[in-house]
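An overview of the molecular structure
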Amino acid sequence: MYAGSGGCLVYDLDTVLPFPFTLKKYAAQTFRCDLILLPQYHRQFRVIDAKIYLEKFASDRSHMLAEGQFIAKPPDYACIRTTESCNNIEEFISIDAAVGYGEVLNLPQFTKRFSNR
């Protein structure tokens with residue numbers, strides 16, 4: 001997602017929607033209202049500043065293993081490491097607000113925050 005002068009734009013390479021697409025239009029066409037879901041299934045988003053993500057994120061690809069074997073062919077490039085960690089992916093994907101980097105937002109908070117930029 002990119003926040004420019006025209007608002008937040010979404011670059012989703014896994015969608016059939018055109019891109020870049022405004023967050024407001026993207027959210028309206030990709031997310032259903034959480035009211036139809038049980039509370040434990042309400043959408044949560046971890047929002048992390050790009051600078052922090054690039055400086056702190058590390059993955060040794062262990063999440064790609066099942067019984068010691070890769071589920072799919074791993075990328076050809078080296079694992080992502082930092083001076084602090086070789087694997088902290090759980091801190092980036094957890095929706096526990098007390099864990100990791102950034103801030104955890106629910107769907108209304110997320111769309112409100114970024115639709116107004």
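Everything below is about the structure shown above.
The sections below set out a description of the structure shown in this document.

Calculation notes
Residues numbered from 1 in each chain as written. Predicted model: local features only at pLDDT ≥ 70, side-chain atom pairs only at ≥ 80, totals over all residues. Heavy atoms only, no water. Salt bridge = Lys/Arg side-chain N within 4 Å of Asp/Glu carboxyl O. Helix = DSSP H or I, 4+ residues; strand = E, 2+ residues; numbered from the N terminus. Buried < 20%, exposed > 50% of the residue type's maximum accessible area, 1.4 Å probe, protein only. Axes fitted to C-alpha atoms, helices over the stretch in contact; angles between N-to-C directions. Parallel < 35°, antiparallel > 145°, perpendicular 65-115°, else oblique. Contact = heavy atoms within 4.5 Å. Nonpolar A, V, L, I, M, F, W, Y, C, P; charged D, E, K, R; others polar. Arc of directions from axis to C-beta.

In the structure shown here, the tally under the stated rule is five salt bridges. Close ionic contact of Glu-84 with Lys-56 constitutes a salt bridge, the shortest N to O distance being 2.8 Å. With Glu-84 in the loop between strand E6 (69-70) and helix H3 (89-93) and Lys-56 in helix H2 (residues 50-56), the pair connects residues that are 28 residues apart, well separated along the chain. With relative accessibility at 56%, the residue Glu-84 sits in the exposed group.

Taken N-terminus to C-terminus, the directions of helix H1 (residues 23-30) and helix H4 (residues 107-115) make an angle of 155°; their axes are 9 Å apart at the nearest point. Judged by the inter-axis angle, H1 sits roughly antiparallel to H4. Side by side, H1 and H4 meet where Leu-23, Lys-24 and Ala-27 of the first sit next to Phe-110, Thr-111, Phe-114 and Ser-115 of the second. Partitioned by chemical class, the residues of the contact of H1 with H4 number four nonpolar, two polar and one charged.

Note on helix geometry: an α-helix contains 3.6 residues per turn, so any two residues three or four positions apart are oriented the same way. Turning to H4, its buried residues are Leu-107, Phe-110, Thr-111 and Phe-114. Projection of H4 onto a plane perpendicular to its axis shows the buried side chains occupying an angular sector of 90°, all on one side. Among the exposed residues of H4, those oriented more than 90 degrees off its buried face are Pro-108 and Lys-112. At its buried positions, H4 is contacted by strand E2 (7-10), H1, strand E4 (44-47) and strand E7 (103-106).

Everything listed here is a matter of geometry and, on its own, says nothing about what the molecule does.
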